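A closer look at the structure
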Amino acid sequence: MTDATLIIGPVLRFAGDPLVTPWEDAVWIDTEGAVLVQGDRIGAVGTSAALIKAHPKASQVRYGQDHLICPGFVDAHVHYPQTAIIASWGKRLIDWLNTYTFPEEMRLADPAYAGAIAARYLDLTLAHGTTTVASYCTIHPHSVDALFEEAHARNQRIVAGKTCMDRNAPDGLCDAAQSAYDDSKALIDRWHGTGRATYAITPRFTPTSSPEQLAALGALWAERPDCLMQTHLSEQTDEIAWVRALHPEARDYLDTYEAHGLLSARGIYGHAIHLEPREIDRLAETGAALVHCPTSNTFIGSGLFDTAGLAARGIRLGLATDTGGGSSFSMLRTMAAAYEIGQLRGTPLHAAQLMWLATAGSAHSLHLGDKIGTLAEGFEADICVLNLASTPAIAQRVAQASDLWEAAFATLMMGDDRAVADVWVAGVLQPAARSSAI
Ligand code: GUN
Ligand code: ZN
């Protein structure tokens, strides 16, 4: 193979889910490791000595012991249209939506603006080491085309869908039950399974979809069960009270989805903070995924997600920035917030668990766990190399670390895009990278 490259240095490896088995058995770092990239795939992962011997003609990219070769980050819940209003001050969820989010999402009625924001968003997130996102778009079908097109141009694996809303939103942001069905179906036909694209049917959340729209999207999902379905669940207490008022017949928030065919294993529910016991039981029974959005949950004041408790119930968990309700594009900042929320709940996560959530865990939540999120033979070659000494403040802490986990933890807590040394997408080194290969 002439196009083979060996990426040599400390490599993050997974053998299982460190949220359900002891992390020491599930995750390790090969300090003298290497990843063989052949075309757009990973050909092998092992010790550098063995792989150099087996592939003497492969070109070599070497990193020092102050680096970590990881899977590209997978951000399992984002709103790319909110890129330009990230970090907007002082509101709680419903006011935040009405004051900042909906006016900005209206601007994406202009296809040129939607295209520019999609490109800006993917450039920003790639610079932060994120190679796959699952994004909500706006109600405008061209906003979905824009993101899929930009991802396709970068050869990125991507999950996205048209946000559907037919009530409790400005007129300019409302579709209808039938048009949401028709537009979503046309977008599925155009994009789902093309290249690296997955379509997610996307009712925004119960308050902005009539029962007729929820049912129409449930029917569409029944026709196309190979698609994902993403929505929001139990994010803030006042939102939950609103859902109760809108749906007095429902047993709980999740029931408003379940009653309309919007609950199954390929469902991805963002936030899920204030869950009732029945909801947890049903989520566990169905195999649905929950996505933890820690910077958003603190920024909008939503609450403390129970990572340890929900993982103990065997529920599939992902991690996400929730841009722009979240306050950062960085999965490093997101891991830091997840750690802090764990501390506030008395269940701090280990660096190995945080890294799993930001990569393989998120990939599994999107049913892509056999393709991305893990450095292993046959996986797609989406790779992020972290510099574990990217700032003087981090470097001086690392100088005192007794092992690589302690060193990595400093970057998880204090790092940002400056810690992203290099990024490969489908085997191609990205030009914007701040390479510190040696
Ligand atoms: N609930 C419904 N829409 C949104 C959104 O755009 N962001 C967040 N954080 N929660 C939501
Ligand atoms: Zn969201």
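So, a few notes on the structure that sits alongside this text. Each chain has its residues counted from 1, running along the sequence as written. Chain letters and ligand numbers both follow the written order, the letters beginning at A and the numbers at 1. Local features in this predicted model are restricted to residues of pLDDT 70 or higher, and side-chain atom pairs are both shown and tallied only at a pLDDT of 80 or more, whereas totals for entire chains, interfaces and linings draw on every residue. Excluding hydrogens and water, the side-chain figures rest on all heavy atoms present in the structure.

**Here we look at the pattern of salt bridges**
How we decide: By definition here, a salt bridge exists when the distance from a side-chain nitrogen of Lys or Arg to a carboxyl oxygen of Asp or Glu is within 4 Å. Under the scheme used here, helices are H or I runs from DSSP no shorter than 4 residues and strands are E runs no shorter than 2 residues, and both carry numbers assigned from the N terminus. Residue burial is assigned from relative accessible area. The probe radius is 1.4 Å, only protein chains are included, and a residue is buried under 20% of its type maximum, exposed over 50%, and partly exposed in between.
Enumeration according to the criterion identifies 27 salt bridges in this entry. One salt bridge connects Glu380 with Arg196, and the closest N-O pair in it is separated by 2.4 Å. On the criterion of sequence distance, the pair formed by Glu380 in the loop between helix 14 (351-365) and strand 15 (383-387) and Arg196 in the loop between helix 6 (177-191) and strand 10 (197-203) is long-range, its members being 184 residues apart. Judged by its relative accessible area of 8%, Glu380 falls in the buried class. By sharing partners, the salt bridges in this structure join Arg251, Asp252, Asp255, Glu258, Arg278, Arg282 and Glu285 into a single network.

**Considerations on the site of ligand 1**
Stated precisely, the cut-off is as follows: One heavy atom suffices: a residue is near a molecule or strand as soon as one of its heavy atoms comes within 4 Å of it. Distance and chemistry together define a polar contact, namely a pair of N or O atoms within 3.5 Å, with one atom able to donate a hydrogen and the other to accept it when in protein, and with adjacent residues in sequence counting only for side-chain atoms on both sides. Accessible areas in this description were obtained via Shrake-Rupley with a 1.4 Å probe; residue shielding takes into account the shown protein chains only. Residue polarity is assigned by list, with Asp, Glu, Lys and Arg as charged and Ala, Val, Leu, Ile, Met, Phe, Trp, Tyr, Cys and Pro as nonpolar; anything else, Gly included, falls into the polar class.
Neighbouring ligand 1 are 13 residues, the closest being His79, Gln82, Arg204, Glu235 and Asp322. Between an oxygen atom of ligand 1 and a side-chain N or O atom of Gln82, the distance comes to 2.9 Å. Bound to the protein, ligand 1 loses 100% of the 280 Å² it would expose on its own. A per-element tally of the shell around ligand 1 places helix 3 (residues 93-107) first, with three residues. Of the residues that constitute the shell around ligand 1, the class distribution is five nonpolar, five polar and three charged.

**Looking at helix 6**
Helical geometry: 3.6 residues make up each α-helical turn, so side chains three or four residues apart lie on a common side. Threshold: Take the number of residues in a helix, subtract one, and multiply by 1.5 Å to get its expected span. The directions from the helix axis to the C-beta atoms form the arc being described.
An ideal rise of 1.5 Å per residue puts 21 Å on 15 residues; helix 6 measures up with 21 Å between its terminal C-alpha atoms. Every buried residue belonging to helix 6 is among Ala177, Ala180, Tyr181, Ser184, Leu187, Ile188 and Trp191, and all of these are buried. Seen along its axis, helix 6 keeps its buried residues to an arc of 140°; they face one direction. Away from its buried face by more than 90 degrees, helix 6 exposes Gln178 and Asp189.

**With respect to the nonpolar core**
For the record, the criterion: Working definition of a nonpolar core: buried Ala, Val, Leu, Ile, Met, Phe, Trp, Tyr and Cys residues. They are joined through side-chain atoms within 4.5 Å.
In this structure, Tyr80, Tyr269, Leu283 and Leu290 are the most contacted members of the largest nonpolar core, which totals 111 residues. For this core, the element with the highest residue contribution is helix 14, accounting for eight residues.

**Regarding the coordination of the zinc ion (ligand 2)**
Our working definition: In this description, a donor is an N, O or S atom within 2.8 Å of the metal centre, a cutoff extended to 3.2 Å for sodium, potassium and calcium. Water is not part of the atom list, which can make sites seem incomplete. When four donors show all angles between 85 and 135 degrees the site is tetrahedral, when four or six donors have opposite pairs over 155 degrees and all other angles between 65 and 115 it is square planar or octahedral respectively, and in every other case it is irregular.
Ligation of the zinc ion (ligand 2) by protein atoms is provided by His77 (NE2), His79 (NE2), His232 (NE2) and Asp322 (OD), these donors lying 2.0 to 2.6 Å from the ion. Each of the four donor atoms around the zinc ion (ligand 2) contributes to a set of angles spanning 87 to 160°, which defines the coordination as irregular. In the primary structure, the donors to the zinc ion (ligand 2) are separated according to the pattern H-x1-H-x152-H-x89-D. With a gap of 245 residues between them, His77 in strand 6 (residues 73-79) and Asp322 in the loop between strand 14 (316-319) and helix 13 (331-344) connect regions that are remote in the sequence. Here the two residues His77 and Asp322 agree in accessibility, since each one is buried.

**Digging into the side chain of Gln82**
The condition that has to hold: A contact between two residues is defined here by any heavy atoms of the two lying within 4.5 Å.
Along the chain, Gln82 turns up in the loop between strand 6 and helix 3. A distance of 3.1 Å separates the side chain of Gln82 from the side chain of Glu105, its partner in a polar contact. Discounting residues that sit within four places of it in the chain, Gln82 has contacts with Trp96, Thr101, Glu105, Arg204, Thr323, Gly324 and Gly325.

**Let's talk about helix 10 (residues 277-286)**
Residues of helix 10 that are buried include every one of Glu279, Ile280, Leu283 and Thr286, and no others. Viewed along the axis of helix 10, the buried residues span an arc of 140°, placing them on a single side of the element. Away from the buried face of helix 10 by more than 90 degrees, exposed residues Pro277 and Glu285 are located. Elements that come into contact with the buried residues of helix 10 comprise strand 11 (228-233), helix 9 (253-258), strand 12 (267-271), strand 13 (289-292) and helix 12 (307-312). Gly287, located one to two residues past helix 10, shows a positive phi value of around 80°.

**As for the pairing of strand 10**
Here is the rule we go by: Whether two strands pair depends on DSSP finding at least two bridges between them. The definition of a right-handed crossover adopted here requires that, viewed with the strands pointing away, the path from the first strand over the helix to the second runs clockwise.
Counting buried positions over the seven residues of strand 10 gives seven, a clear majority of the element. The side-chain alternation of strand 10 yields two buried faces, one formed by Ala197, Tyr199, Ile201 and Pro203 and the other by Thr198, Ala200 and Thr202. Where strand 8 (residues 158-161) lies against strand 10, three bridges are found, and the strand directions are parallel. Along strand 10, the bridge assignment pairs Ala160 with Tyr199. The pairing of strand 9 (residues 163-164) with strand 10 spans two bridges and is parallel. Residue pairing for strand 10: Thr163 is matched across the bridge by Thr202. Read from strand 9 through helix 6 to strand 10, the crossover connection turns out right-handed. Of the pairings in the sheet, the one linking strand 10 to strand 11 comprises two bridges and is parallel in character. What sits directly across from Ile201, in strand 11, is Met229.

**A short note on the packing of helix 6 against helix 7 (residues 211-223)**
Rules: Note on geometry: axes are C-alpha line fits, over the in-contact stretch for helices, and angles between N-to-C directions span 0 to 180 degrees. Throughout, the term roughly parallel applies to angles under 35 degrees, roughly antiparallel to angles over 145, roughly perpendicular to angles from 65 to 115, and oblique to all others. Crossing handedness is defined as follows: a turn of the near helix away from the far one that is anticlockwise and smaller than a right angle gives a left-handed crossing, while the clockwise case is right-handed.
Close contact between helix 6 and helix 7 brings their axes to 8 Å; oriented N to C, the two are set at 25°. Here helix 7 runs roughly parallel to helix 6, going by the angle between their axes. With respect to the hand of their crossing, helix 6 and helix 7 are arranged in right-handed fashion. In contact with Ala177, Ala180, Tyr181, Ser184, Lys185 and Ile188 of helix 6, helix 7 contributes Glu212, Gln213, Ala216, Leu217, Leu220 and Glu223. Taken together, the residues of the contact of helix 6 with helix 7 sort by class into seven nonpolar, two polar and three charged.

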